[in-house]
Amino acid sequence: AQTVTQSQPEMSVQEAETVTLSCTYDTSESNYYLFWYKQPPSRQMILVIRQEAYKQQNATENRFSVNFQKAAKSFSLKISDSQLGDTAMYFCAFLLDDKIIFGKGTRLHILP
Amino acid sequence: DTEVTQTPKHLVMGMTNKKSLKCEQHMGHRAMYWYKQKAKKPPELMFVYSYEKLSINESVPSRFSPECPNSSLLNLHLHALQPEDSALYLCASSQPTLAGPYEQYFGPGTRLTVT
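Regarding the overall build of chain A
Okay, step 1: Secondary structure summary: chain A contains 0 helices and 12 strands in total.
Okay, step 2: Its helices and strands in sequence order give chain A the pattern β-β-β-β-β-β-β-β-β-β-β-β, from N to C terminus.
Okay, step 3: With the principal axes as the frame, chain A shows a C-alpha extent of 40 × 25 × 20 Å.
Okay, step 4: Within chain A, the proportion of its 112 residues that are buried is 48%.

Spelled out as structure tokens, the structure:
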């Protein structure tokens, strides 16, 4: 069975700083997808970034980038130049065969 | 249009009521999902419809009954719910590809309170 672990329940950083959110997962599969989703307070869950397991290159999306270490089963999210609007719950997610397994989430606070 | 819409936004119902949640997407996605999310927890998968057929039922109690009338619509019929069923119910959709399923787009959710 697949599991996703986010070891940081809550984090706070100052605006404009860089922050890294950790995620590890466990699977015996070789082809899968990984995602980071963001859920702002009382707002919609939105996709931040995706990574296909067969791609060695780390995905980037503007200020968001990942460090994907397939052998270590690690998938961390780096947010550069953090903004107040980045305050949200961040979920790491593993997708296989139409089922997403979410981690428990990291609540990120960006402080002014 | 990359939007998934859900109605109503809020719903309060008694334990003897029957109500329905609705979800709609116009992205041409052929897979649709229902999730239940409790406060400060990740979403939990309830049902998956793929090409309008129920493909996954995560052992959800029968008081929750999904329905997919067509490729754009997904309903969740509720009957005889319990207070512990109070939660945010999220709908999502995705487009299956030859390489497998892809990312899911979520709606804003229906916040359900069972009294």
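Quick notes on the pattern of salt bridges
Okay, step 1: Evaluated as defined, the whole model comprises 7 salt bridges over all chains.
Okay, step 2: Between Glu52(A) and Lys55(A) there is a salt bridge whose closest N-O contact spans 3.8 Å.
Okay, step 3: Owing to a relative accessible area of 8%, Glu52(A) belongs among the buried residues under this scheme.
Okay, step 4: Here Lys55(A) falls in the partly exposed class, since its relative accessible area comes to 39%.
Okay, step 5: Of the charged contacts in the structure, one is a salt bridge between Glu52(B) and Arg30(B), with a shortest N-O distance of 2.5 Å. You can see Glu52(B) sitting in the loop between β5 (44–50) and β6 (53–57) and its partner Arg30(B) sitting in the loop between β3 (18–25) and β4 (31–37), a full 22 residues away along the chain.
Okay, step 6: Among the residues examined, Glu52(B) registers a relative accessible area of 31% and is labelled partly exposed.
Okay, step 7: The exposure class of Arg30(B) is partly exposed, given its relative accessible area of 28%.

Thresholds applied
- Residues numbered from 1 in each chain as written.
- Chains lettered and ligands numbered in written order.
- Predicted model: local features only at pLDDT ≥ 70, side-chain atom pairs only at ≥ 80, totals over all residues.
- Heavy atoms only, no water.
- Helix = DSSP H or I, 4+ residues; strand = E, 2+ residues; numbered from the N terminus.
- Buried < 20%, exposed > 50% of the residue type's maximum accessible area, 1.4 Å probe, protein only.
- Salt bridge = Lys/Arg side-chain N within 4 Å of Asp/Glu carboxyl O.

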